[in-house]
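Here's the letter readout for the chains.
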Amino acid sequence: QKEVEQDPGPLSVPEGAIVSLNCTYSNSAFQYFMWYRQYSRKGPELLMYTYSSGNKEDGRFTAQVDKSSKYISLFIRDSQPSDSATYLCAMSAYIYGGSQGNLIFGKGTKLSVKP
Amino acid sequence: NAGVTQTPKFQVLKTGQSMTLQCAQDMNHNSMYWYRQDPGMGLRLIYYSASEGTTDKGEVPNGYNVSRLNKREFSLRLESAAPSQTSVYFCASSERGRGSGQPQHFGDGTRLSIL
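**Student:** Please give an account of the overall build of chain A that cites residues and values.
**Tutor:** A count of helical and extended segments in chain A gives zero helices and eleven strands. Order of helices (α) and strands (β) in chain A, N terminus to C terminus: β-β-β-β-β-β-β-β-β-β-β. For 115 residues, the compact-globule estimate of 2.2 N^0.38 gives 13 Å, and the C-alpha radius of gyration of chain A, at 14 Å, lies within 12% of that figure. When its C-alpha atoms are laid out on the principal axes, chain A stretches across 45 × 30 × 25 Å. When each of the 115 residues of chain A is scored for burial, the buried share is 42%. Taking the contacts inside chain A whose residues are at least 6 apart along the sequence as the reference set, 56% of them involve residues at least 24 apart. The averaged location of the 10 negative side-chain charges in chain A is 6 Å from the averaged location of its 12 positive side-chain charges.

What follows is the structure, given as structure tokens:
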């Protein structure tokens, strides 16, 4: 079982739709959860950062973490064509310094928002 | 704000040639990373540097060497390039090291093709 699973898509939605992106993971030690957005031919850009369980909202974006189910989600409300990108989930455990503390990435979901 | 700067942006090499990928960050971060991103494989850690003068192997270090020249700069060297090293290479940095839970900040990548 891979440590982090993410559906690669592609996911195509009309402008204005609510988008739900998800990742599952197997390592119960993960405590830090991130979502990165990657535009074509660009580097990953940090979008959302959460610690442990719960929700975090930033504008049109909401990140949710359910540690009991080992499941994280990113919701995008009122999606725009400018949201078209690949979204990567990433997570790590609090094991300072060792390789077990590496940031582990999902493979990314490619999202296309059509005008 | 430059953030993480990578040079060159594109490079084509012949098998057996050598080259060095350069990375510099201006955020006064202590830790720096080199990743490669391949279709269907996601981001994989090549090497990590917790601080100036220290480096550690990541998930896929074979065929690569690194140098942490100073706090700002972290270079990746391919001594004898192979077609399997065709990839997009990303440099990243964070204020504290892996396992601290801090997010990493990425450059825009070097697209390397080896014929």
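**Student:** Account for the pattern of salt bridges, with residues named and values stated.
**Tutor:** In a structure, side chains of opposite charge can pair up when their charged atoms sit close to one another. Residue and element names in this part refer to chain B. Applying the stated rule across the entire model yields eight salt bridges over all chains. As a salt-bridge pair, Asp 38 and Arg 36 come within 2.8 Å of each other at their nearest N and O atoms. Accessibility expressed as a relative area gives 11% for Asp 38, which makes it buried. Classification of Arg 36 by relative accessible area gives buried; the value is 8%. Measuring nitrogen to oxygen at the nearest pair gives 2.6 Å for the salt bridge that ties Arg 98 to Asp 56. Here the residue Arg 98 occupies a position in the loop between β9 (87-94) and β10 (105-106), and Asp 56 occupies one in strand β6 (residues 56-57), the gap between them amounting to 42 residues. Look at the salt bridges and you will find they share partners, linking Arg 36, Asp 38 and Arg 44 into a network.

**Student:** Can you explain the side chain of Arg 111 of chain B? Please cite residues and give values.
**Tutor:** Position of Arg 111 of chain B among the secondary structure elements: in strand β11 (residues 110-114). Although Arg 111 of chain B is buried, it forms no salt bridge, and the closest oppositely charged side chain is Asp 108 of chain B at an N-O distance of 7.1 Å. One polar contact links the side chain of Arg 111 of chain B to the main-chain carbonyl oxygen of Arg 41 of chain A, over a distance of 3.3 Å. A polar atom in the side chain of Arg 111 of chain B sits 3.3 Å from the backbone oxygen of Asp 108 of chain B. For Arg 111 of chain B, the contacting residues outside a window of four places in its chain are Arg 41 and Lys 42 of chain A together with Lys 9, Phe 10, Gln 11, Ser 87 and Val 88 of chain B.

**Student:** Go over the sheet that holds strand β3 (residues 19-25) of chain B, please, and point to the residues and values.
**Tutor:** What holds strands together in a sheet is hydrogen bonding between their backbones, with the strands either parallel or antiparallel. Residues and elements named next belong to chain B. The antiparallel open sheet is built from four strands, whose spatial order is β1-β3-β8-β7. A single partner strand is all that each edge strand has here, and the edge strands are β1 (4-7) and β7 (64-68). Along the sheet, successive strands turn relative to each other by an average axial angle of 20 degrees, direction set aside. Direction of pairing for β7 relative to strand β8 (residues 74-78): antiparallel, over a ladder of five bridges. Residue Val 66 lies in a different strand from β8, and its bridge partner there is Leu 76.

What counts, and at which threshold
- Residues numbered from 1 in each chain as written.
- Chains lettered and ligands numbered in written order.
- Predicted model: local features only at pLDDT ≥ 70, side-chain atom pairs only at ≥ 80, totals over all residues.
- Heavy atoms only, no water.
- Helix = DSSP H or I, 4+ residues; strand = E, 2+ residues; numbered from the N terminus.
- Rg over C-alpha atoms; globule rule 2.2 N^0.38 Å.
- Buried < 20%, exposed > 50% of the residue type's maximum accessible area, 1.4 Å probe, protein only.
- Contact = heavy atoms within 4.5 Å.
- Lys, Arg positive; Asp, Glu negative; His and termini not counted.
- Charge placed at Lys NZ, Arg CZ, Asp CG, Glu CD.
- Salt bridge = Lys/Arg side-chain N within 4 Å of Asp/Glu carboxyl O.
- Polar contact = N/O pair within 3.5 Å; in protein donor to acceptor, adjacent residues only side chain to side chain.
- Pairing = 2+ DSSP bridges.
- Axes fitted to C-alpha atoms, helices over the stretch in contact; angles between N-to-C directions.

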